Amino acid sequence: MIDAARIHTKFVSRFSQTPTMIVRAPGRVNLIGEHTDYNDGFVLPAAIDRATFIAASPRTDRRVRVVAADLNEEDEFGIDQIERSGMRPWSNYIRGMIKSLLAAGHVINGADMVVASSVPRGAGLSSSAALEVATGYVFQLFHNLNILGEELALMAQATENHFVGVNCGIMDQFIVTLGQANHALLIDCRDLNYQAVPLPASTSVVICDSHIERTLAGSAYNQRRAECDQAVELLKSHIPGIKALRDVTSDQLQVYGHVLAPVVRQRARHVISENERVIAGVNTLQAGNVAEFGRLMNASHASLRDDYAVSIPEMDALVASAQRVSGCYGSRLTGAGFGGCTVSLVANDSVEHFRHEVAAAYLASIGRSATIYVTHAADGVSRVRPE
Ligand code: GLA
């Protein structure tokens, strides 16, 4: 697995000098609060102990040379006229982030960089947010830029929205930047206030990768966003002052839901109930009631499957087999859906049994191998060298 020593070696062998700096930015997993971020709502993600590493040295000629060590590819461009790359899609996260820094008025120069990651690509664990945030942080440190974590996250989100062309919310970039070891973060996606919530030491966060590519994710994601906006538009005339589904309670939806088409009402019901589950979930974790938190995770999955319709049979199978294992408190799909990963909260002493049971059940029912990662909540982006 990639680490500081390995990325250092890769940099030296490509650029024949030692890198000035090494940074890492983690992937993430969301414990609860799915499809709520773009509704001004609440999320509870954690950064994970798999990360993207960048080894870099500054240049003075406004050029960037970057090696994607995992792909054995290289890219080079000038920072004064950054265009999207059709040939090197991975480079767009780097190009876009540099463009966002410049657009925000920061004075920067070029760099030589080597990138490598232990965050699986395309699995819904935010490998792209990790690459954007790591890139931004390299330039922030090189040029002593005065950028708050929240600002770095917003620049990474802007990169994704305006340069890469993915209309995501703020959750991924925020947790990748500001995650805290052994904690999840309760993030209010309206005002970006956040609070660290300790994870119970007796449990592990276990991620199961379905290895189903999230092909529908982009189009369905935008469609869900549009349905949420539509719900707000229609509810506005009945509930004055609402700006987003975040402002609507379950009771209000009961009363006024009839103004929405059935599908739109279901979408709204997911978002509204999910926000309530996040707040309830944080309270239960703080009260030490892991069992109740697990129950809320299970309810979240059911809501994503039945009301938000972003699950697929393979993920339902993974979740169902996880929920059957004794010692598993709760399990749900994590991220946008349509493939990718599930997240389960498992008692430490049941983790080996869980691994075995879930892998065997997935193979038997779906005919595929799942990859199972036992993760620990990690810190957000940081400098690894110099220490
Ligand atoms: C993706 C997006 C996030 C969020 C989740 C769903 O991960 O990047 O902003 O909307 O889907 O919760």
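Thresholds, definitions, all that
Think of each chain on its own: its residues are numbered from 1, step by step along the sequence as written. Reporting in this predicted model follows two pLDDT cut-offs: at least 70 for local features of residues, and 80 or more for side-chain atom pairs to be given and counted; totals over whole chains, interfaces and linings ignore these cut-offs and use all residues. The side-chain values count all of the structure's non-hydrogen atoms but skip hydrogen atoms and water molecules. Two strands pair if DSSP finds at least two bridges between them. Secondary structure counts use DSSP, requiring at least four H or I residues in a row for a helix and at least two E residues in a row for a strand, with both numbered from the N terminus. Fitted lines through C-alpha atoms give the axes, limited to the stretch in contact for helices. The angle between two N-to-C directions lies from 0 to 180 degrees. Pairs of residues are marked as contacts when any of their non-hydrogen atoms sit within 4.5 Å. In plain words, nonpolar cores are sets of buried Ala, Val, Leu, Ile, Met, Phe, Trp, Tyr and Cys residues tied together by side-chain atoms within 4.5 Å. Any residue under 20% of the maximum accessible area for its type is buried, any over 50% is exposed, and the rest in between are partly exposed; the area is computed with a 1.4 Å probe on protein chains only. We call Phe, Tyr and Trp rings a pair once their centres come within 6.5 Å, taking the six-membered ring for Trp, and we label the pair stacked below 30 degrees between planes, edge-to-face above 60, and tilted otherwise. A ring has a charge above it when a Lys NZ or an Arg CZ is no more than 6 Å from the ring centre and no more than 35 degrees off the ring normal. Between 65 and 115 degrees an angle is taken as roughly perpendicular, under 35 as roughly parallel, over 145 as roughly antiparallel, and anywhere else as oblique. Note on convention: near helix rotated counterclockwise from far helix by under a right angle means a left-handed crossing. Clockwise means right-handed. When residue character is reported, Ala, Val, Leu, Ile, Met, Phe, Trp, Tyr, Cys and Pro are called nonpolar, Asp, Glu, Lys and Arg charged, and the others, Gly included, polar. Take the number of residues in a helix, subtract one, and multiply by 1.5 Å to get its expected span. This arc corresponds to the set of directions leading from the helix axis out to the C-beta atoms. Neighbouring residues are identified by heavy atoms, a residue being near a molecule or strand if any of them is within 4 Å of it. Throughout this description, a polar contact denotes any pair of N or O atoms lying within 3.5 Å of each other; where both atoms belong to protein, one of them has to be capable of donating a hydrogen while the other can accept it, and for residues adjacent in sequence the pair is counted only when both atoms sit in side chains. Only the protein chains shown count as covering a residue, and every accessible area follows the Shrake-Rupley method with a 1.4 Å probe. For cavity detection a 1 Å grid was placed over the protein atoms alone, and a set of points counts as a cavity when a 1.4 Å probe fits there but cannot get out; an open set counts as a pocket when protein lies on both sides within 12 Å along at least five of seven lines, with lining residues being those that have an atom within 4 Å of a point. Put plainly, a molecule is in a cavity or pocket when over half of its atoms are within 2 Å of the grid points there. Source of the domain bounds: an automatic or database domain assignment.

> Pulling in residues and values, what's your account of the sheet that holds strand β12 (residues 371-375)?
With antiparallel pairing, the four strands of this open sheet are ordered in space as β10-β11-β9-β12. Among the strands making up the open sheet, the edge pair consists of β10 (328-334) and β12. Pairwise comparison of adjacent strand axes, ignoring direction, gives a mean angle of 20° for this sheet. Relative to the sheet, helix α9 (residues 290-306) contacts β9 (203-209), β10 and β11 (341-347), its axis offset from that of β10 by approximately 30°.

> Describe in detail the nonpolar core, supporting the description with residues and values.
With 39 residues, the main nonpolar core has Leu235, Leu245, Phe354 and Val358 as its most contacted residues. Among the secondary structure elements, those contributing two or more residues to this core are β9, α6 (217-236), α8 (262-286), α10 (313-324), β10 and α11 (351-366). Here this core takes six residues from α6, the largest share from any one element.

> Please provide a residue-by-residue account of the sheet that holds strand β7 (residues 183-188), values included.
Spatially, the three strands line up as an open sheet ordered β2-β7-β8, and their pairing is antiparallel. Strand pairing shows two members of the sheet lacking a second neighbour, β2 (42-43) and β8 (194-198), which therefore form its edges. Packing of helix α5 (residues 171-178) onto the sheet brings it into contact with β2, β7 and β8, and relative to β7 it is tilted by some 135°.

> Before we move on, could you go through the packing of aromatic side chains and cite the residues and values that matter?
According to the stated counting rule, one finds three aromatic pairs in the structure shown. Here the aromatic rings of Phe11 and Phe15 are separated by 4.8 Å at their centres, their planes lie at 45°, and the arrangement is tilted. With Phe11 and Phe15 both in helix α1 (residues 4-15) and four residues apart, this pair spans about one turn of that helix. Phe15 carries the same exposure label as Phe11, and that label is buried. When the ring centre of Tyr308 is taken as origin, the NZ or CZ atom of Arg224, which lies over that ring, is 6.0 Å away.

> Outline the packing of helix α3 (residues 127-142) against α5, supporting the account with residue identities and numerical values.
Pairs of packed helices are described in terms of their axes, by the angle between the two and the distance that separates them. In contact at an axis separation of 9 Å, α3 and α5 are set at 55° when each is read in the N-to-C sense. Here α5 runs oblique to α3, going by the angle between their axes. Where α3 crosses over α5, the two elements pack in a sense that is right-handed. Of α5, the residues touching α3 (which contributes Ala129, Ala130, Glu132 and Val133) are Asp172, Gln173, Val176 and Thr177. Looking at side-chain class alone, the contact of α3 with α5 contains four nonpolar, two polar and two charged residues.

> How would you summarise the side chain of Glu227 if you had to cite specific residues and measurements?
Here Glu227 lies in helix α6. Here Glu227 is in contact with Val263, Val264 and Arg267, once residues within four sequence places are set aside.

> So what about the packing of α10 against α11? Which residues, and what values?
Interhelical geometry of α10 versus α11 gives an angle of 145° and a closest axis separation of 9 Å. In this structure, α10 meets α11 at a crossing whose hand is right-handed. Across the interface between the two elements, Pro313, Glu314, Ala317, Leu318, Ser321, Ala322 and Arg324 from α10 touch Phe354, Val358, Ala361, Tyr362, Ser365 and Ile366 from α11. For the contact of α10 with α11, the per-class residue count stands at nine nonpolar, two polar and two charged.

> Could you give an account of the environment of Tyr329, naming the residues involved and the relevant values?
Of note, Tyr329 is situated in strand β10. When near neighbours in sequence (up to four residues on either side) are disregarded, Tyr329 contacts Thr203, Val290, Ala291, Gly294, Arg295, Asn298, Leu345, Val346 and Ala347.

> Provide a residue-level description of α1, including the pertinent values.
Here α1 is 12 residues long and its end C-alpha atoms lie 16 Å apart, about the 16 Å a rise of 1.5 Å per residue gives. Ala4, Ile7, Phe11 and Phe15 are the residues of α1 that are buried. Projected onto a plane normal to the axis of α1, the buried residues spread over an arc of 70° and lie on a single side. Relative to its buried face, α1 has exposed residues pointing more than 90 degrees away, namely Thr9 and Ser13. Here the buried face of α1 lies against β1 (21-30), β3 (45-58), β4 (63-68), β6 (111-117) and β13 (382-385). Two residues or fewer after α1 comes Ser16, characterised by a positive phi angle close to 55°.

> Talk me through the site of the ligand; I want residue IDs and the actual numbers.
In the region of the ligand, the neighbouring residues are Arg28, Glu34, His35, Asp37, Tyr38, Cys168, Gly169, Met171, Asp172, Tyr221, Gly335 and Ala336. For the ligand, an oxygen atom lies 3.0 Å from a polar atom in the side chain of Arg28. Residue Asp37 places a side-chain N or O atom 2.5 Å away from an oxygen atom belonging to the ligand. Burial of the ligand by the surrounding chains reaches 93%, relative to a free accessible area of 300 Å². For the ligand, the cavity whose grid points lie within 2 Å of the majority of its atoms is the largest pocket. Across the shell around the ligand, the residue classes tally to five nonpolar, three polar and four charged. The residues that make up the shell around the ligand include at least three from each of domain 1 (4-198 + 378-384) and domain 2 (203-375).

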